[in-house]
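Residue-level structure breakdown
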Amino acid sequence: MLRPSGKIEVMLHTACVRACAFAIAHSIIGRFPLAKSFLAKPVMQSLEKNSPLHIQKQLIKDIYKQHGLKPASWESSAIIAVAESSAGQLVDFRQLERKIKQSLGDRLAGWLLKAAPLAQWAPDMVAVVAHTWAIGRYADSVGRIRKMGSDMLPAPLAKNLKLPASILWHWTEEAFELALPVLGRIHSATTRIKRD
């Protein structure tokens, strides 16, 4: 049995990776709208109901539930706004490009990097992981304080909202691996569209 703090760590990890994986898929599909018709209906339905923001709001609810609380809608919006303003992360494009090639393989990575250069979308994808982490961490802090009877949002400790670089890269890579089947389908769909 996981202790409540252990459950929150698992929730954070899952939400960060899922939010980034769906952000990657949404971003790439946005660049190839014709590929949508070649994707299976369950894939499209899953993409439609899973946006990073939806996953982040659900994370807040799940963390509050661990504290026996339910967030007000204004509270969720405030947590997201405060956490996002405190969670800036730097992106090392060379390291990310190496990781994309390791995760996707040279052929699919080459296509992806040519079709959608890293500078256009990678910072946003890495930021989704960092922001989701900060949102979860801040929601946990607010939940602990609310449980003690306070009805105020505490000032966030910026250092506690920063995701360590090694975990940031590892979870971003995990998200690419999760998004790989969708990226593969988009790649074959665009190849088919070009042939027709």
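Not measured: the values here are computed from a predicted model.

Cut-offs used in this document
- Numbering of residues starts from 1 in each chain and follows the order in which that chain's sequence is written.
- Confidence filtering applies because this is a predicted model: local features only for residues at pLDDT of at least 70, side-chain atom pairs given and counted only at 80 or more, and all residues used for totals across whole chains, interfaces and linings.
- Side-chain figures throughout are based on the complete set of non-hydrogen atoms in the structure, without hydrogens or water.
- A run of DSSP states H or I qualifies as a helix once it reaches four residues; a run of E qualifies as a strand once it reaches two. Both are numbered from the N-terminal end.
- Type-normalised accessible area, obtained with a 1.4 Å probe on protein chains alone, sets the label of each residue: buried when under 20%, exposed when over 50%, and partly exposed for intermediate values.
- Between two residues, a contact is recorded if the distance between any of their heavy atoms is within 4.5 Å.
- In this analysis, axes come from line fits to C-alpha atoms, helices being fitted only over the stretch in contact, and the angle between any two N-to-C directions falls in the range 0 to 180 degrees.
- Reported orientations rely on four angle classes, namely roughly parallel under 35 degrees, roughly antiparallel over 145, roughly perpendicular from 65 to 115, and oblique for the rest.
- We call a crossing left-handed when the near helix sits turned anticlockwise from the far one by less than a right angle, and right-handed when that turn is clockwise.
- Charged means Asp, Glu, Lys or Arg here, nonpolar means Ala, Val, Leu, Ile, Met, Phe, Trp, Tyr, Cys or Pro, and polar covers whatever is left, Gly included.
- The salt bridge criterion pairs a side-chain nitrogen of Lys or Arg with a carboxyl oxygen of Asp or Glu, the two atoms within 4 Å.

Scanning the protein from terminus to terminus reveals 9 helices and 0 strands. Walking the protein from its N terminus toward its C terminus, one meets helices and strands in the order α-α-α-α-α-α-α-α-α. Burial status across the protein gives 44% buried among its 196 residues. At a minimum sequence separation of 6, the contacts of the protein that also span at least 24 residues come to 83%.

Attention now moves to the environment of Ile28. Relative to the helices and strands, Ile28 is located in helix H1 (residues 4-31). The exposure class of Ile28 is buried, given its relative accessible area of 0%.

It is worth spelling out the packing of helix H3 (residues 52-66) against helix H4 (residues 73-85) at this point. Two packed helices can be described by the angle between their axes and the distance between those axes. Closest axis-to-axis distance for the H3/H4 pair is 10 Å, and the angle between their directions is 110°. With respect to each other, H3 and H4 are oriented roughly perpendicular. In this structure, H3 meets H4 at a crossing whose hand is right-handed. Along the contact surface, H3 presents Leu53, Gln56, Lys57, Ile60 and Tyr64, while H4 presents Glu75, Ser76, Ile79, Ile80 and Glu84. Looking at the contact of H3 with H4 residue by residue, the class counts come to 5 nonpolar, 2 polar and 3 charged.

With respect to the helices and strands, the residue Val182 is situated in helix H9 (residues 165-195). Beyond its immediate sequence surroundings of up to four residues, Val182 is in contact with Ala25, Ile29 and Val43.

Time to look at the pattern of salt bridges. As enumerated under the stated definition, the model contains 3 salt bridges in all. Residue Arg146 pairs with Glu75 through a salt bridge whose shortest N-O separation is 2.5 Å. Linking Arg146 in helix H7 (residues 118-147) with Glu75 in helix H4, this pair joins segments that are 71 residues apart in sequence. Residue Glu75 is classed as buried on the basis of its relative accessible area of 3%. A salt bridge links Asp140 to Arg144, with the nearest nitrogen and oxygen atoms 2.9 Å apart. Taken together, the residues span about one helical turn, with Asp140 and Arg144 both in helix H7 at a distance of 4 residues. Given the relative accessible area of 43%, Arg144 is considered partly exposed.

Relative to the helices and strands, Cys16 resides in helix H1. Accessibility expressed as a relative area gives 0% for Cys16, which makes it buried. Sequence separation between Cys16 and Leu59 is 43 residues; the distance between their C-alpha atoms is 9.4 Å.

Mapping His67 onto the fold places it in the loop between H3 and H4. Among residues more than four places away in sequence, those in contact with His67 are Ile8, Asp140, Gly143, Arg144 and Lys147.

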